[in-house]
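Observations on chain architecture
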Amino acid sequence: MGVIEVKGLVKHFSQKGKRIKAVDGISFSIEKNKIYGFLGPNGAGKSTTIKVMMGLIYPTKGQVLIRNIDASKPEARKSVGFLPENPSFPEALTGWELIEFSAKMHGVSKDQARVRGREILEQLLLEDSADRPIRKYSKGMVQKIGFASVLVHKPDIIVLDEPMSGLDPVGRFIFKKILKDFKNEGGTIFFSSHIIPDVEDLCDKVIVINKGKILTVLDVEKIRTLSIRAYEIVFKTNKELHADFDIEDIGESMKKIKVAAPEVFKILDWLKNYDAELLSIQPISENLESIFIKLTQERQ
Ligand SMILES: Nc1ncnc2c1ncn2[C@@H]1O[C@H](COP(=O)(O)OP(=O)(O)OP(=O)(O)O)[C@@H](O)[C@H]1O
Ligand SMILES: [Mg+2]
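Residues numbered from 1 in each chain as written. Chains lettered and ligands numbered in written order. Predicted model: local features only at pLDDT ≥ 70, side-chain atom pairs only at ≥ 80, totals over all residues. Heavy atoms only, no water.

**Examining the coordination of the magnesium ion (ligand 2)**
Under the convention used in this document: Metal coordination here is assigned from N, O and S atoms located within 2.8 Å of the ion, or within 3.2 Å for Na, K and Ca; omission of water means that sites may look incomplete. Each helix corresponds to a stretch of at least 4 residues labelled H or I by DSSP, and each strand to a stretch of at least 2 residues labelled E; elements are numbered beginning at the N terminus. Partly exposed describes any residue whose relative accessible area lies between the buried limit of under 20% and the exposed limit of over 50%, with all areas from a 1.4 Å probe on protein chains only and scaled to the type maximum.
Every protein donor of the magnesium ion (ligand 2) is listed here as Ser 47 (OG) and Glu 85 (OE), and their distances to the metal cover 2.0 to 2.4 Å. A residue pair is termed long-range when its members are at least 10 positions apart, and Ser 47 in helix α1 (residues 46-53) and Glu 85 in the loop between β6 (80-83) and α2 (95-105) qualify at 38 residues. Residue classification places Ser 47 among the buried residues on the basis of a relative accessible area of 14%.

The structure is reproduced here in structure tokens:
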């Protein structure tokens, strides 16, 4: 059993008499000490699912369990840290006050909050701004102070809705490092994102959703290792070539052939007939982005 179980979840909204099926019967399980990415086009149902998971809205049907407790009960979220999409905080608060408030809400002492808060703010390069009111923060700074307020109470599970949107490349790098460290210390992470390279870099598993339904759950390690389906071979020869497959002339006696992975050695043997000089063999791999686009377009 996973630390979070989403079971037959349905969430409908009604707007001007029309029914919107934001989440249309999804089930998945989040295993402890793994990082899960939640991918899907705009309007796919990610934030709605996350809101039900965090007990912010009730499901139309189905259930979310966190450590076997219904997500609508506050005790289910005891050691869960949550950063919503586009967080908005009481703007009069300073960064430090938000951190202290979050710590207090989760039973962390003021002294502990000071020590841990300082550490996190330093990591996030936000220590110089922590005494300024949040209303004067940029979008990325709001995202960072929100993340700091989640980390300060040392949750076991963190759920983040598009945590890296609005961050600069250094900010994204730091967030990813913190998330990796969090996992290495035994934590579990579930986050939605549109930034596929980040998902590929961080996640163990990726859940792809579209139009309220789960399209697939992918094992990222398998994509990394099993995705090489073909190779591109570049070579040089002045001889005239005879073959029943396509050979692209790329100039200066250089040619390019695309071959399926099992055929590579056969082609290399064939090249010996032409005194060819081998210039490169590059794998053409399928990555998460190409899989995601294929999956979501198939269903359009
Ligand atoms: N409170 C609401 N009232 C009516 N419709 C809603 C409400 N919240 C979400 N929806 C609709 O539910 C669907 C799913 O929205 P959701 O915010 O979950 O998508 P998302 O996958 O998070 O998209 P994005 O990537 O743009 O953040 C959309 O059609 C949206 O318009
Ligand atoms: Mg969303």
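There's more to say after this.
**Concerning the nonpolar core**
Soluble globular proteins: nonpolar side chains tend toward being buried together. Note the cut-off: We call a set of buried residues a nonpolar core when its members are Ala, Val, Leu, Ile, Met, Phe, Trp, Tyr or Cys and they connect through side-chain atoms within 4.5 Å of each other.
Of all hydrophobic cores here, the largest spans 50 residues; its most connected members are Leu 124, Ile 145, Phe 147, Phe 191 and Val 206. No other element matches the seven residues that helix α4 (residues 139-151) contributes to this core. Grouped together as the second largest cluster of nonpolar side chains are 25 residues, Ala 44, Ile 66, Ala 71 and Phe 190 included.

**Topic: the side chain of Lys 46**
Definition in use: By the counting rule applied here, Lys and Arg register as positive and Asp and Glu as negative, while His and the ends of each chain are not counted. Should a side-chain nitrogen of Lys or Arg be within 4 Å of a carboxyl oxygen of Asp or Glu, the pair is scored as a salt bridge. Throughout, a contact is declared for two residues whenever any of their heavy atoms are within 4.5 Å.
Locating Lys 46 in the fold gives a position in helix α1. At 5.0 Å, Glu 162 is the nearest oppositely charged side chain to Lys 46, a buried residue that forms no salt bridge. Residues in contact with Lys 46, not counting those within four places in the same chain, are Phe 38, Leu 39, Gly 40, Pro 41, Ser 192, His 194 and Ile 209.

**Observations concerning the sheet that holds strand β7 (residues 157-161)**
Within a sheet, each strand pairs with its neighbour through backbone hydrogen bonds, oriented either parallel or antiparallel. Selection criterion: Here a strand pair is declared whenever DSSP counts at least two bridges between the two strands. Angles shown run from 0 to 180 degrees and are taken between the N-to-C directions of axes, each axis being a line fitted to C-alpha atoms and, for helices, limited to the stretch in contact.
Pairing is mixed across the open sheet formed by six strands, whose spatial order is β6-β7-β8-β3-β9-β10. Bordering the open sheet on either side are β6 and β10 (213-219), each of which pairs with just one other strand. Across the sheet, the mean angle separating the axes of adjacent strands is 15° when strand polarity is ignored. Where β6 lies against β7, four bridges are found, and the strand directions are parallel. Across the sheet, the residue bridging to Gly 81 is Ile 158, located in β7. Packed onto the sheet, helix α5 (residues 169-184) meets β3 (35-39), β7 and β8 (188-192) and runs at close to 155° relative to β7.

**Describing the site of ligand 1**
Note the threshold: The criterion for a residue being near a molecule or strand is simple. One of its heavy atoms has to lie within 4 Å of it. Polar contacts here mean pairs of N or O atoms no more than 3.5 Å apart (in protein, one a potential hydrogen donor and the other a potential acceptor; neighbouring residues in sequence count only if both atoms are side-chain atoms). Methods summary: accessible areas were calculated by the Shrake-Rupley approach with a probe of 1.4 Å, and residue burial reflects only the protein chains presented.
In the region of ligand 1, 15 residues are neighbours, and Gly 43, Lys 46, Thr 48, Glu 85 and His 194 sit closest. A distance of 2.7 Å is found between an oxygen atom of ligand 1 and a side-chain nitrogen or oxygen belonging to Lys 46. Glu 85 is positioned with one of its side-chain polar atoms (N or O) 2.6 Å from an oxygen atom of ligand 1. In isolation ligand 1 has 640 Å² of accessible area, and contact with the protein removes 68% of it. Among the secondary structure elements, those contributing two or more residues to the shell around ligand 1 are β1 (4-15), β2 (18-30) and α1. The element contributing the most residues to the shell around ligand 1 is α1, with three residues.

**Some remarks on the sheet that holds strand β4 (residues 61-66)**
Here four strands make up an open sheet; going across it, the order is β2-β1-β4-β5 and the pairing antiparallel. The sheet terminates laterally at β2 and β5 (69-70), the two strands that pair on one side only. Pairing of β1 with β4, which is carried by five bridges, proceeds in the antiparallel orientation. Paired with Val 6 across the two strands is Val 64, which belongs to β4.

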